[in-house]
Amino acid sequence: MIQNKASIAGLSSPFSDRQRGIVPKAPCSLKIKAAAAAAASNRDRNGTVLAVETVTKEMAEAESLIDDSQPTVAGGIRDAYGEDAATEDQPVTPCGYSLLRDPRHNKGLAFTDKERDAHYLLGLLPPSVPSQELQVKKLMNIIRQYQVPLQKYMYMMDLQERNERLFYKLLIDHVEEMLPIVYTPTVGEACQKYGSIFSRPQGLYISLKEKGRILEVLRNWPEKNIQVIVVTDGQRILGLGDLGCQGMGIPVGKLSLYTALGGVRPSACLPITIDVGTNNEKLLDDEFYIGLRQRRATGQEYDELLHEFMTAVKQNYGERVLVQFEDFANHNAFDLLAKYGTTHLVFNDDIQGTAAVVLSGLMAALKLLGGTLADHRFLFLGAGEAGTGIAELIALEISKQTQMPLDEARKNIWLVDSKGLIVESRKESLQHFKKPWAHDHEPVETLLEAVNDIKPTVLIGTSGVGRTFTQEVVEAMASFNEKPLILALSNPTSQSECTAEQAYTWTNGRAIYASGSPFPPVEYEGQTYVPGQSNNAYIFPGLGLGLIMSGTIRVHDDMLLAASEALAAQVTQENLDNGQIYPPFTNIRKISAHIAANVAAKAYELGLATRLPRPKDLVAYAESCMYSPSYRNYR
Ligand SMILES: O=C([O-])CC(=O)C(=O)O
Ligand SMILES: [Mg+2]
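Residues numbered from 1 in each chain as written. Chains lettered and ligands numbered in written order. Predicted model: local features only at pLDDT ≥ 70, side-chain atom pairs only at ≥ 80, totals over all residues. Heavy atoms only, no water.

A. Region of interest: the packing of aromatic side chains. For the structure on display, the rule yields 15 aromatic pairs. Considering the side-chain rings of Tyr 146 and Tyr 155, the 5.8 Å spacing of their centres and the 50° angle between planes classify their relative orientation as tilted. Judged by relative accessible area, which is 14%, Tyr 155 ranks as buried. Look at Phe 334 and Phe 433: their rings are 4.3 Å apart centre to centre, the planes differ by 15°, and that puts the pair in the stacked class. One end of the pair, Phe 334, is in helix α18 (residues 330-340); the other, Phe 433, is in the loop between β8 (420-421) and α22 (447-454), and 99 residues separate them in sequence. The buried category is assigned to Phe 334, whose relative accessible area is 14%. Overall, the relative accessible area of 8% leaves Phe 433 in the buried class. Taken together through their ring pairs, the aromatic side chains of Tyr 504, Tyr 513, Phe 519, Tyr 524 and Tyr 529 make up a single cluster. (Phe/Tyr/Trp six-rings, centres within 6.5 Å; stacked < 30°, edge-to-face > 60°. Buried < 20%, exposed > 50% of the residue type's maximum accessible area, 1.4 Å probe, protein only. Helix = DSSP H or I, 4+ residues; strand = E, 2+ residues; numbered from the N terminus.)

Shown next as structure tokens:
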């Protein structure tokens, strides 16, 4: 028998338990128990072993309030393996006033008359019953009236807290328009002002104060069946530097894309910020700063906290939870990936996600430029996570294609950092991740000199510093390339190495251009040029979905290559004819399903996938696993 919380606590209340929304309907609870037991043993009630899809259905049916006539895969991957067996300990489904206050189940005015009657909502809502589509239309009208992007961002955050399905429906249906709001560039501004706009916690904060108690912190999070964690320590938020605890906007934003673009259900996503202090003096002096008011802990203190975190994550969520490292400073990003890459399912978005999206763009661009990767020369401005990560993945692909040794494949790839071209004579003083790129060449101090010396066919900006592709640099690229490929990847828009308009104007419209944050189309001499967006958002949602749905336990470089190939394959001839090396974001769910399928296929091939048997049609399986934001009918 399920006990209600109030009776356990010995509280009395003028409302009945149902009215206060704390007791599930008895038939539902029985169904939950039966399905939970079945799913846990992977057998049906008669003891027959269940196929994965059948368990999914059992579990989805078991979720109280869901109408049997609804598609059952929406509950998603969580349910498929019996790990999320609903038990009496699960929070019960609310009804009455609490139902309207529960963002996961709230539908606002869209509750039907029958639902209003069955769930104690009579009189709590005005009579109109709009469809979800009409609700989206109304909200878009409101959002479009805000002139300031940050206001739109705050409206969206509020919506997410109020009605989760409507938030995702709106985001998915208007992805091109809303991506720049919930993601780069606006999310960058939101992080800068996070202390002032903070209203409700959207993820977990783990600070030095919680050292020794991280497992307890994880257990405080209301959701138990987590599949993806995005974690930052806030030290390098986009190209905006150290934003300390206010970096939380990034994991929150990335995870909302996991759901909207990759179909991972929201309750399986956990945003985390690790707060070891900040070296940002402005924040330390800001009375509204929400983080620890101290300079960053480093060395052993930092390592110990991170180690406790990684250990607690595995202990609490098991081996198959994906941890995505986001916006760590270079040294920590590389160290963490190296340290945990062999023991955990980890992935660094800034190193590996960015690399995969750029490699994909290059694969597509070759159809416009001609030749193979090995025929091109690459020059990077910026030799941090993104720069060296992309460079390495290109070299890996060249080496695979040509059978040449990796060292040899690196020879056509050059990097410039703040001290000039990375060359042999600087090797001693270079950080370890730059050393492989120290080629034999005279010292060169400026980017312009490097461009003129190396004569790259592809120029890639990963410096985090805005407007560093000057007119001379871009014109030099155009002087020896018929179609210079220019990727200005730093985020947000203010940090982009050059704008789309500059790239097209300075090359007389000949550039193939993409940036990390979006730019609007450019009119130049009577023609419209549509810049591409080379952002890891194309990759991580599909990659993550592929890892989760196959139960993969380690990320392998070949999975990144598989993701790149799948994305490049989605670029149509029409896209290419318009100078586009990425497909439009409007198709992103389909794209993510293809990426997920390719990644999962590679995981099965490498023996790293644990969810067996392997589904035959991985694209269809990926699609069937995706969360749908459509409202469900409540019994
Ligand atoms: O968040 C983005 O737009 C891309 C990214 O990972 C970064 O710039 O750090
Ligand atoms: Mg990032």
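Still more to cover.
B. Summary view of the UniProt feature "domain: Malic enzyme N-terminal" (unreviewed entry) in the chain. As recorded in UniProt, the sites labelled "domain: Malic enzyme N-terminal" (unreviewed entry) are residues 160-341. Across residues 160-341, helical content stands at 48% and strand content at 11%; the span's end C-alpha atoms are separated by 33 Å. (UniProt positions renumbered as here; feature names shortened; annotations may be inferred.)

C. The arrangement of the pattern of salt bridges in detail. Applying the stated criterion across every chain, the model contains 28 salt bridges. A salt bridge links Arg 236 to Glu 385, with the shortest nitrogen-to-oxygen separation between them at 3.7 Å. A residue pair is termed long-range when its members are at least 10 positions apart, and Arg 236 in the loop between β2 (228-232) and α15 (249-262) and Glu 385 in helix α20 (residues 385-402) qualify at 149 residues. In this structure Arg 236 comes out as partly exposed when scored by relative accessible area, which is 24%. For Glu 385, a relative accessible area of 2% translates into the label buried. In this structure, Glu 326 engages Lys 254 in a salt bridge whose closest nitrogen and oxygen atoms are separated by 3.5 Å. With a gap of 72 residues between them, Glu 326 in the loop between β4 (322-325) and α18 and Lys 254 in helix α15 connect regions that are remote in the sequence. According to the relative accessible area criterion, Lys 254 is buried, its value standing at 4%. A network of salt bridges, in which partner residues are shared, links Arg 236, Asp 327, Asp 350 and Glu 385. (Salt bridge = Lys/Arg side-chain N within 4 Å of Asp/Glu carboxyl O.)

D. Quick peek at helix α8 (residues 132-145). Between its first and last C-alpha, α8 extends 20 Å over 14 residues, near the 20 Å set by a 1.5 Å rise per residue. Turning to α8, its buried residues are Gln 132, Gln 135, Val 136, Leu 139, Met 140 and Ile 143. Across the axial projection of α8, the buried residues extend over an arc of 135°, all falling on one side. Relative to its buried face, α8 has exposed residues pointing more than 90 degrees away, namely Lys 137 and Gln 145. Looking at the buried positions of α8, the neighbouring elements they touch are α9 (149-162), α10 (164-173) and α11 (175-182). (Expected span 1.5 Å × (residues − 1). Arc of directions from axis to C-beta. Contact = heavy atoms within 4.5 Å.)

E. Structural view of the site of ligand 1. The full set of residues close to ligand 1 is Tyr 183, Thr 184, Arg 236, Leu 238, Lys 254, Glu 326, Asp 327, Asp 349, Asp 350, Asn 491, Asn 535 and Asn 536. In this structure, an oxygen atom belonging to ligand 1 sits 3.0 Å away from a side-chain N or O atom of Lys 254. In the model, an oxygen atom of ligand 1 is placed 3.0 Å from a nitrogen or oxygen of the Asn 536 side chain. For ligand 1, whose accessible area on its own is 260 Å², the fraction buried by protein is 93%. In terms of residue class, the shell around ligand 1 is made up of 2 nonpolar, 4 polar and 6 charged. (Near = heavy atom within 4 Å. Polar contact = N/O pair within 3.5 Å; in protein donor to acceptor, adjacent residues only side chain to side chain. Areas by Shrake-Rupley, 256 points an atom, 1.4 Å probe, with all protein chains shown as cover. Nonpolar A, V, L, I, M, F, W, Y, C, P; charged D, E, K, R; others polar.)

F. Here's a closer look at the coordination of the magnesium ion (ligand 2). Here the magnesium ion (ligand 2) is held by Glu 326 (OE), Asp 327 (OD) and Asp 350 (OD), and the distances to it run 2.0 to 2.1 Å. Mapped onto the sequence, the donors of the magnesium ion (ligand 2) take the spacing E-D-x22-D. Of the two residues, Glu 326 sits in the loop between β4 and α18 while Asp 350 sits in helix α19 (residues 349-369), which places them 24 residues apart along the sequence. For Glu 326, a relative accessible area of 1% gives the class buried. (Donors = N, O, S within 2.8 Å, 3.2 Å for Na, K, Ca; no water.)

G. Examining the environment of Asn 481 more closely. Note on placement: Asn 481 falls in the loop between α23 (471-480) and β10 (485-488). Residue class for Asn 481 comes out buried when judged on its relative accessible area of 9%. Along the chain, Asn 481 and Arg 635 lie 154 residues apart, while their C-alpha atoms are 64 Å from each other. Not counting chain neighbours up to four residues away, the residues in contact with Asn 481 comprise Pro 456, Thr 457 and Arg 510. A polar side-chain atom of Asn 481 sits 3.1 Å from the main-chain carbonyl oxygen of Met 477.

H. Representation of the side chain of Ser 399 within the structure. As for its position among the elements, Ser 399 is in helix α20. If near-sequence neighbours (up to four positions away) are discounted, Ser 399 is found in contact with Met 404, Pro 405, Leu 406 and Ala 409.

I. Layout of the confidence of the model for the chain. Scored by pLDDT, the chain has a mean of 88; 86% of the residues are at 70 or more. The low-confidence segment residues 1-92 (pLDDT under 50) makes 149 contacts with residues lying over four places distant or belonging to another chain. (pLDDT = per-residue confidence, 0-100.)

J. Just unusual backbone geometry, in detail. Of note, the bond from Asn 491 into Pro 492 is cis; its omega dihedral lies within 30 degrees of zero at -10°. Mapped onto the fold, Pro 492 is located in the loop between β10 and α24 (500-506). Positioned with a positive phi, Leu 238 is a non-glycine residue whose angle comes to about 45°. One can find Leu 238 in the loop between β2 and α15. Unusually for a residue other than glycine, Asp 327 sits at a positive phi of about 55°.

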